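What follows is the residue order along each chain.
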Amino acid sequence: MAHIYDDPAAFKDDMVAGYTSAYARYIEQVPDASAVMRRGGARQGKVSVIIGGGCGHYPAFCGVVGAGFADGAVIGDIFTSPSAEQAYRAARALDGGAGVLFSFGNYAGDVMNFGVAQDRARAEGTDCRTVLVTDDIASAPAGELTKRRGIAGGFCVFKIAGAAADRGDSIDEVERLAIKANDRTRTFGVGFAGCTLPGQTERLFTVPDGEMELGLGIHGEPGIESVPRTNATQLARRLLDPLLTERPDGAGDRVAVILNGLGGTKYEELFVLWKTVAAVLAEAGLTLVLPEVGELVTSLDMGGASLTLTWLDEELEELWVAPAETPGFRRGSVADLPRFEPASARADQGQAAAGTSTADDASRAAADTVRAALDAMLATAIEHETELGRIDAVAGDGDHGTGMVRGLRAATAAAGDCAGGAGETLDAAGIAFGDRAGGTSGILWGLLLQAVGRTVGNTGRPTGNQLAGGIRAGIDDVQRAGKAQVGDKTMLDALVPFTDAFAAGLDAGTPCAQAWSSACAVATQAAADTAPMTPKVGRARPLAQRSVGTPDAGATSMALCLTAAGPALATTEGEQR
Ligand code: ADP
Ligand code: MG
């Protein structure tokens, strides 16, 4: 567990401050962003490779920013995707005119947040592309490669993309090579002990004595199978068997290999394991090209290891062996890399000038209701924080409670600072929620609040029907970004029945507050009814079976928040449909 921290909620920011101070010779912070970039920032005419994800994986991701590797890394909270706003700021800062490649592990939260950032960057003329890392063979079968999540193999993909960008390849080439590297990279892992988040005393999951978890995730997600522990020789074979059976198309006999420690495993143990790994790979007729044994993609203090093979060809090998110089990884000498001049900082297009609000008095009064509702939602999220984390940890990563509290704290603060109408207040709250909560639920809750704000607008007191219409618009946005359907075991399984019941109540002539309250009973029941469901999207999907019997974390928090908001709506006088 972590012994060194001040405020656990500020752990990431404190870590970034210390890291940028220690390694100022390699990197600097992207101005006003939770991201770091190569010292000197964007290079004129050079593609920038921007990686990222939550923190807790050092040296992934910020530790491999530097010459020959990544140009920047966007840093989310522990095990939580960075927000769209932060990824966008990094892309803007690192646009040297030749394009930007985002690359990160295939997790719903990262895909949505980087996706929104990519759309924004493109709209401003940056040629922005995305390559997802999908190396974890335990997370989906070979026929469903695009469903696999990204774990330690990201190291090889980022290294190869970074080297291509540094020798001056075009964005098309860097993208092609990154895709190829990912297609030829496979990882399989084993866990002996779960990790502990800073400030917590319980491990995210425990492994029974005498057992080990095969196919673990790197966010505290437990493995797909618990098996009896074996000795090192048998373990090496157990990790290699599936990797050697699943040779990608076009694989030759030269491989880059990473034996990766997850944070709580000694290097000496890794070397004991490596002894057999190397022997078995040689038996299989493979030539190992600059293998790495050590901590490259960790999971806080998790006990365990993973083995990655990248099946090389001539062009991939040239990039894998190329020099790199970063705080967390060095290889060869970067003195001969092509020199690119620093790009002049782009003229700041700034945020849209905060125009003076045109909201009328009724809408300003309704903004007080919005603030009261958000305050009540924050109070319930704080009350249920631990429980929401526990539910999320059954098949996900255990961060849902902390994410909701972080998002709602930011949303209430932004709403408090907003002097406009109900629509503007909801918009500010949604932006702040998405930016601070990170993760899947962060961006989706942000989109939902913004859609309600857009629909209720800033004139007049919002009617019940406007509210219902706003939530429906929010559901559309959530589905557009997250591609989930009702029945997939997500927040939508509470929100959609809620909205149907609320709208039906209004149609039947029930007063707004009463219709809301009856719909909350429906949402609470619907959230509980998610327990027997199997998750079809999100972080819980690879461990779908474990989730059966436990309700969905996002549906549970949705029902709690809707219920908490009710009394604030009920105190509004003279409501109208
Ligand atoms: P993360 O999965 O990034 O750790 P959280 O733990 O905060 O994010 O939120 C998890 C919740 O997000 C899930 O319980 C589910 O309700 C919701 N969720 C996940 N994926 C989707 C999706 N594609 N659409 C709607 N909701 C989703
Ligand atoms: Mg989670």
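In this text, all values refer to a predicted model and were calculated from it rather than measured experimentally.

About the criteria used
- Within each chain, residues carry numbers counting from 1 in the order of the written sequence.
- Written order determines the labels here, with chains lettered from A and ligands numbered from 1.
- Side-chain atom pairs in this predicted model are given and counted only at pLDDT of 80 or more, local residue features only at pLDDT of at least 70, and totals for whole chains, interfaces and linings cover all residues.
- Each side-chain value is derived from all of the structure's non-hydrogen atoms; neither hydrogens nor water enter the calculation.
- Helix and strand assignments come from DSSP, with helices taken as H or I runs of at least 4 residues and strands as E runs of at least 2, each series counted from the N terminus.
- In this setup the radius of gyration rests on C-alpha atoms only. A globule is expected at 2.2 Å times the number of residues raised to 0.38.
- Should any heavy atoms of two residues lie within 4.5 Å, those residues are considered in contact.
- All accessible areas in this document rest on Shrake-Rupley with a 1.4 Å probe, and a residue is counted as covered only by the protein chains that are shown.
- Side-chain atoms within 4.5 Å are what join buried Ala, Val, Leu, Ile, Met, Phe, Trp, Tyr and Cys residues into a set we call a nonpolar core.
- For every residue, the accessible area (1.4 Å probe, protein chains only) is compared with the maximum for its type, and the residue is labelled buried under 20%, exposed over 50%, or partly exposed between those bounds.
- Any N, O or S atom lying within 2.8 Å of the metal counts as a donor, and for Na, K and Ca the limit rises to 3.2 Å; water is left out, so some sites can look incomplete.
- Two strands make a pair as long as DSSP finds a minimum of two bridges between them.
- Convention adopted: a line fitted to C-alpha atoms gives each axis, helices being fitted over their contacting stretch, and angles between N-to-C directions are expressed from 0 to 180 degrees.
- One heavy atom within 4 Å of a molecule or strand is enough for the residue carrying it to be called near that molecule or strand.
- Pairing of N or O atoms within 3.5 Å defines a polar contact, subject to two protein rules: one partner must be a possible hydrogen donor and the other a possible acceptor, and residues neighboring in sequence count only if both atoms are side-chain atoms.
- Residue type decides the class: Asp, Glu, Lys and Arg count as charged, Ala, Val, Leu, Ile, Met, Phe, Trp, Tyr, Cys and Pro as nonpolar, and the leftover types, Gly among them, as polar.
- Confidence of the predictor at the level of single residues is given by pLDDT, which spans 0 to 100.
- Salt bridges are defined as contacts in which a side-chain nitrogen from Lys or Arg sits within 4 Å of a carboxyl oxygen from Asp or Glu.

With respect to the overall build of the chain
Within the chain, the secondary structure is distributed over 18 helices and 15 strands. Against the compact-globule benchmark of 25 Å for 577 residues, the chain has a radius of gyration of 24 Å, which places it among compact chains. A principal-axis box enclosing the C-alpha atoms of the chain has dimensions of 80 × 55 × 45 Å. Sequence separation of at least 24 residues holds for 73% of the intrachain contacts in the chain that already meet a minimum separation of 6. For the chain, the accessible surface area stands at approximately 21900 Å², while carbon and sulfur atoms represent 52% of it.

Points about the nonpolar core
V36, I51, F155, V174 and W320 are the most contacted members of the largest nonpolar core, which totals 63 residues. Elements with a minimum of two residues in this core: α1 (11-22), β3 (48-55), β4 (72-78), β6 (128-133), α4 (154-166), α5 (171-183), β10 (254-261) and α8 (314-320). When residues no more than four places from it in sequence are discounted, the contact partners of W320 are F155, C156, K159, I160, A256, I258, V289, L290, L312 and R331. A84, A373, M377 and A411 belong to the second largest nonpolar core, which has 56 residues in total.

What about the coordination of the magnesium ion (ligand 2)?
Geometry reference: four tetrahedral donors at a metal, ideal angle 109.5 degrees. Six octahedral donors, ideal angles 90 or 180 degrees. Donor atoms from the polypeptide that coordinate the magnesium ion (ligand 2) comprise D392 (OD), D397 (OD) and D399 (OD), at 2.0 to 2.3 Å from the metal. In primary sequence terms, the donor set of the magnesium ion (ligand 2) follows D-x4-D-x1-D.

Points about unusual backbone geometry
The omega torsion of the bond from Y58 to P59 falls at 5 degrees, within 30 degrees of zero and hence cis. Note that P59 resides in the loop between β3 and β4. Omega for the bond connecting A60 with F61 falls within 30 degrees of zero, at -5 degrees, which places this linkage in the cis form. As for its position among the elements, F61 is in the loop between β3 and β4. Unusually for a residue other than glycine, L300 sits at a positive phi of about 50 degrees. Examined against the element boundaries, L300 turns out to sit in the loop between β12 (292-294) and β13 (303-311). Here the phi dihedral of K483 falls at roughly 55 degrees; this positive angle occurs in a residue that is not glycine. Among the structural elements, K483 can be located in the loop between α14 (464-482) and α15 (492-507). The class of K483 is exposed, set by a relative accessible area of 61%.

Some points on the sheet that holds β3
The mixed open sheet is built from six strands, whose spatial order is β1-β2-β4-β3-β5-β6. Each having just a single partner strand, β1 (27-29) and β6 make up the two edges of the open sheet. For this sheet the average axis-to-axis angle between neighbouring strands, irrespective of direction, equals 25 degrees. In this structure, β1 lies alongside strand β2 (residues 35-38), joined through three bridges in antiparallel fashion. Its bridge partner lying in β2, I27 is registered against R38.

Looking at the site of ligand 1
The immediate surroundings of ligand 1 are formed by 20 residues, with T440, S441, G482, M491 and D552 found nearest. Contacts to ligand 1 include D399, whose side-chain N or O atom sits 2.9 Å from an oxygen atom. Look at ligand 1: alone it shows 570 Å² of surface, and the protein chains cover 95% of it. For the shell around ligand 1, the secondary-structure elements that each account for two or more residues are α13 (439-456) and α18 (553-570). Among the elements that take part in the shell around ligand 1, α13 stands out by supplying four residues, more than any other. Split by residue class, the shell around ligand 1 holds seven nonpolar, eight polar and five charged.

Things to note about the confidence of the model for the chain
Averaged over the chain, the pLDDT score is 93; the fraction of residues at 70 or greater is 97%. Confidence drops under a pLDDT of 50 for residues 573-577, and excluding neighbours within four residues, the segment shows 16 contacts in the predicted structure.

Some thoughts on the pattern of salt bridges
Side chains that differ in charge, positive against negative, can pair when their charged atoms come close. According to the stated counting rule, one finds 30 salt bridges in the structure shown. Ionic contacts of the salt-bridge type, sharing partners, join the residues E173, R176, K180, D313 and E315 into one network.

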